[in-house]
Amino acid sequence: MSDTTLYFAYGSFLDPQRISAAAPGSKFLFTAHFPETKLDFAHSASDGVVPTLTKESGHTVWGGVFEIPEESVASLTQAERAEGREPGFDVKAVDREGNKYDCLTFVTKAAPNGDQRPSAEYLDSMIGGARHWNLPAGWVMGLEDLNEDPLFS
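Figured I'd write up the structure that's included with this text. Keep in mind that this is a model prediction, so the values were computed, not measured. (Residues numbered from 1 in each chain as written. Predicted model: local features only at pLDDT ≥ 70, side-chain atom pairs only at ≥ 80, totals over all residues. Heavy atoms only, no water.)

Things to note about the nonpolar core
- Ranked by size, the top nonpolar core spans 40 residues in total, and within it Tyr-7, Phe-8, Ile-19, Leu-39, Phe-66, Ile-68 and Leu-135 carry the most contacts.
- Of all the elements in the fold, those that place two or more residues in this core are strand E1 (4-9), helix H1 (16-22), strand E2 (27-44), strand E3 (48-69), helix H2 (70-82), strand E7 (106-107), helix H3 (120-132) and helix H4 (137-146).
- Top contributing element to this core by residue count: E3, with seven residues.
- For Leu-135, the residues in contact, after removing those within four places along its chain, are Leu-14, Thr-31, Trp-62, Gly-63, Arg-96, Ala-130 and Val-140. (Core = buried A, V, L, I, M, F, W, Y, C linked by side-chain atoms within 4.5 Å. Buried < 20%, exposed > 50% of the residue type's maximum accessible area, 1.4 Å probe, protein only. Helix = DSSP H or I, 4+ residues; strand = E, 2+ residues; numbered from the N terminus. Contact = heavy atoms within 4.5 Å.)

Here you go:
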């Protein structure tokens, strides 16, 4: 049996096609969240505006925990770096039963940029993945709200 790494996906790699392409052999395990963590957005020189995580009381970020074969960790890291994120978020993911897990998680080094959002296509991949893996309905609705034109909401 090969070694594996747990990976927490909260961005476009929630999309089943994107995670399969970035990390062949990956397997979805369960939904989880990072408590006291906020979904933010930062400008990435390589990929426009991308999601990132910041520690902030009163917030929660939901995502999926995937089992990544060791031979796919390098390609996943390369794909995350292409979007401007690096490994390194020191918070344990918590499943619905309260169990805690150390997961490989990627964040930007750039400071959050306020009101900017990723492209509609990028947000659609986040929303589609969140729906596919049955993340909480309130979380999915919050992602959908990000995709609305603020002039009409």
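Considerations on H3
- Compared with the 18 Å implied by 1.5 Å per residue over 13 residues, the 18 Å span of H3 between its first and last C-alpha is a close match.
- Considered for burial, the residues of H3 that qualify are Tyr-122, Leu-123, Ser-125, Met-126, Ile-127, Gly-129 and Ala-130.
- Packing partners of the buried residues in H3 comprise H1, E2, E3 and H4.
- A positive backbone phi angle near 60 degrees is found at Asn-134, which sits one or two residues after H3. (Expected span 1.5 Å × (residues − 1).)

The analysis is restricted to geometry; functional conclusions fall outside its scope.
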